[in-house]
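Inside the fold
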Amino acid sequence: MNKKWPIIIGIAVALVFSIYPLRYANAFCCMGIILAGMQGAVLRGRAQGFKLETTHALRLGASIGLGAAVIMLLINTLIGLTLKNWIVFDPIPSFMYTFFFRLIEGIIDIAGNTPSFSDNGGPGPMARFLFQIPSNVLFGGIGGAIGASLFRQETPIFQHPE
Amino acid sequence: MIQFKEGDWRGWLAALAVSLVLVGLASAPPFLPVSIRPWIMEVFAGVCHQIPSRSFHIDGVPLAVCHRCIGFYLGFPIAGFLFLFLKGAWPFSSKTAPLVLVLSALPAGLDWGFDFIGWWSNTPTSRVATGLVLGTVAGYFFTAALAEGFRQKSKPSPLSPVSKHVISAPKTTQ
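It should be emphasised that the depicted structure is a prediction, and the values quoted were computed from it without experimental measurement. (Residues numbered from 1 in each chain as written. Chains lettered and ligands numbered in written order. Predicted model: local features only at pLDDT ≥ 70, side-chain atom pairs only at ≥ 80, totals over all residues.)

1. Regarding the overall build of chain A
Selection rule: Starting at the N terminus, helices and strands are each numbered in turn, a helix being any DSSP run of H or I of at least four residues and a strand any DSSP run of E of at least two. Here a residue counts as buried when 20 or more other C-beta atoms sit within 10 Å of its C-beta, as exposed when there are 12 or fewer, and as partly exposed otherwise, the C-beta atoms being derived from the backbone. Two residues qualify as being in contact provided that their C-beta atoms, derived from the backbone, are within 7 Å of each other.
The helix and strand tally for chain A stands at 5 helices and 0 strands. When the helices and strands of chain A are listed from N to C terminus, the series reads α-α-α-α-α. Counting every position in chain A, which comprises 162 residues, the buried fraction comes to 44%. Here the analysis covers contacts within chain A between residues at least 6 apart in sequence; of these, 76% occur between residues at least 24 apart.

Okay, structure coming up:
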């Protein structure tokens, strides 16, 4: 397997979890990006004969998080310039989540009145994707590290003295 | 019992530091000035829906992440201390480790899924508890990975200055 494939597939996993309607499956919020980092690390580990250094996996997961965040930023900026208020990739669409939860609770009509934290100042809607870069890098790195731990050798809690 | 090795401590500390920063940042908004709050909220906006009715509030100000996410984040430092208590044990094989991860996500999945289909109405407690289970297992894996990473780094490299010297030593001719 080409060395770049785990990164490409990892980014694809992160993006899939950010595209309508699959983003609704992202019930655990940061699950999409952590899974993407894990996926990349597992693929790289398998390609290297089930051995993967943690620092390598951390870098891989962080690269996947960074790549996914940059692609989301670029595509959303490009589409936002041509079609106003259009966001293609959004892992956590707060408005839709509110709608979804209130649908369950039986209150549909007030779904559109979600308070926005950016109303009182702050960086603005497009900057959200810029802010997504550090959080994606962090959670991608965590996913990569978790992926690397899957290749650890078993060490039981109680060991006989040698 | 298994003993902590040289790199384990540094890995453990790094994992604990990351976990505490995560918990600290996510819990910070109620304690920050109103002008800084939205910036912290935006940092977490990409990784949490932040719906106020599904988040804890302090003095009427919501935390930066929802109930389940704060439970998930709190699981990381708990896992760090569990890793310390178990002295860095890794009682999982390459086959059982993914299974344990999936099983730890199951309570959260069921809590969410049953609420979705109307069999069960999840509560802040159930969301935090199920997030905590997943976070503790994920955090244990994360801490173990960092401990292993620092241990690998603390091992002398085959190309350390001494071995380099041996490799590059000129051959003597007689």
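2. What about helix 3 (residues 67-85) of chain B?
Residues and elements named next belong to chain B. Test applied: Under the convention used throughout, the expected extent of a helix is 1.5 Å for every residue step, that is, one less than its residue count.
Over its 19 residues, helix 3 runs 27 Å from end to end, which matches the ideal 27 Å to within 8%, given 1.5 Å per residue. Most of helix 3 is tucked away, with 14 of its 19 residues classed as buried. Where helix 3 terminates, the next one or two residues include K87, which has phi positive at roughly 55°.

3. Observations regarding the environment of A79(B)
Residue and element names in this part refer to chain B. Position of A79 relative to the elements: it lies in helix 3. For the pair A79 and A26, spaced 53 residues apart in the sequence, the C-alpha separation amounts to 18 Å. Those residues in contact with A79 that sit more than four places away from it in its chain are T136, G139, Y140 and T143.

4. Some details on the nonpolar core
Basically, it comes down to this: In plain words, the nonpolar core is the set of buried Ala, Val, Leu, Ile, Met, Phe, Trp, Tyr and Cys residues that C-beta atoms within 7 Å link up.
Ranked by size, the top nonpolar core spans 80 residues in total, and within it V65(B) and F142(B) carry the most contacts. With 14 residues, the single largest contributor to this core is helix 5 (residues 124-154) of chain B. Non-local contacts of F142(B), meaning those with residues more than four positions away in its chain, are made with I142(A), A145(A), I146(A), A15(B) and F76(B).

5. Considerations on the packing of helix 4 (residues 96-117) of chain B against helix 5 of chain B
Residues and elements named next belong to chain B. Applied cut-off: Only the contacting stretch of a helix is used when fitting its axis, a line to C-alpha atoms as for every element, and angles between N-to-C directions run 0 to 180 degrees. Roughly parallel means an angle under 35 degrees; roughly antiparallel, over 145; roughly perpendicular, 65 to 115; everything else is oblique. We call a crossing left-handed when the near helix sits turned anticlockwise from the far one by less than a right angle, and right-handed when that turn is clockwise. When residues are sorted by character, Ala, Val, Leu, Ile, Met, Phe, Trp, Tyr, Cys and Pro go into the nonpolar class, Asp, Glu, Lys and Arg into the charged class, and all the rest, Gly among them, into the polar class.
The geometry of helix 4 relative to helix 5 is characterised by a closest axis approach of 8 Å and an angle of 165° between their N-to-C directions. It follows from the interaxial angle that helix 4 and helix 5 lie roughly antiparallel. Both helix 4 and helix 5 take part in a crossing whose hand is left-handed. On helix 5, the residues touching V100, L101, S104, A105, P107, A108 and D111 of helix 4 are S126, R127, T130, G131, V133, L134, V137 and F141. Of the residues in the contact of helix 4 with helix 5, the class split is 9 nonpolar, 4 polar and 2 charged.

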